[in-house]
Amino acid sequence: TALTYSPVDLSSVLAVTTKGAANGVASLDSTGRLPNAQLPTTLSSDSVFLKTAGSVSNGAVVIKRLYRQKVSVDAIALHCSSGTATFQLQVNGVNVGATHSVASAGSHTVLGTAQEIDATSTSQQLGYTITSASSLNDLEVTLAISILSN
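As the structure is a computational prediction, the values presented were derived from the model and not from experiment.

Scoring rules and cut-offs
Residues numbered from 1 in each chain as written. Predicted model: local features only at pLDDT ≥ 70, side-chain atom pairs only at ≥ 80, totals over all residues. Heavy atoms only, no water. Helix = DSSP H or I, 4+ residues; strand = E, 2+ residues; numbered from the N terminus. Rg over C-alpha atoms; globule rule 2.2 N^0.38 Å. Buried < 20%, exposed > 50% of the residue type's maximum accessible area, 1.4 Å probe, protein only. Patch = residues over 30% accessible without salt bridge, like charges linked within 9 Å, V, L, I, M, F, W, Y side chains within 5 Å. Areas by Shrake-Rupley, 256 points an atom, 1.4 Å probe, with all protein chains shown as cover. Salt bridge = Lys/Arg side-chain N within 4 Å of Asp/Glu carboxyl O. Contact = heavy atoms within 4.5 Å.

Colleague: Could you clarify how one ought to interpret the overall build of the protein in this entry?
Modeller: Looking only at helices and strands, the protein features 1 helix and 7 strands. Beginning at the N terminus, the succession of helices and strands in the protein can be written as α-β-β-β-β-β-β-β. In summary, the protein has a C-alpha radius of gyration of 23 Å against a globular reference of 15 Å for 150 residues, an excess of more than 25%. With the C-alpha coordinates of the protein rotated into their principal frame, the extents come out at 95 × 30 × 25 Å. For the protein, the proportion of its 150 residues judged to be buried stands at 28%.

This is the structure in structure tokens:
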């Protein structure tokens, strides 16, 4: 008997060259997830915002607990309605990086060296310390964060 072949539909086949390429399809890493480099910016970056209304005194504040991701804090925006203070990032209650001035004029600082936080296996607290507070009111803190891995 003779073999009969049916037409093969190749309309759903993708060329290997389209994997991970622009206008192609995403690839997967060894854990079956999309690599961060292939995620849209809205999924690979974030802003963390915290407003403390009223009088603000010296002390530490936890903004967020991170887990199963590695991030970097790339920029800091600080605003207050009145007064002055000094601001410094904290990771797990330990001050890290440079200090920044808080004043009613506001400040937007892109960090020369981003502060990386590795919470891939153990959760990490992200926060800040306020020192030298003088008549400080209505503090707004915004941190620009890039997700390095998850």
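Now that the structure has been shown, the text picks up again.
Colleague: Which parts of the structure should I look at to understand a nonpolar patch on the surface?
Modeller: Taken together, the side chains of Val8, Leu10 and Val13 present a nonpolar region at the surface, about 330 Å² in accessible area. Along the chain, the position of Val13 falls in the segment before α1 (41-44).

Colleague: Could you clarify how one ought to interpret the environment of Val141 in this entry?
Modeller: If you trace the backbone, Val141 turns up in strand β7 (residues 124-149). Of the residues examined, Val141 reaches a relative accessible area of 0% and is grouped as buried. Leaving out residues up to four positions away in the same chain, Val141 has contacts with Val48, Phe49, Leu50, Ile63, Ala77, Leu78, Phe87 and Tyr128.

All quantities given are derived from atomic positions and should not be read as evidence of function.
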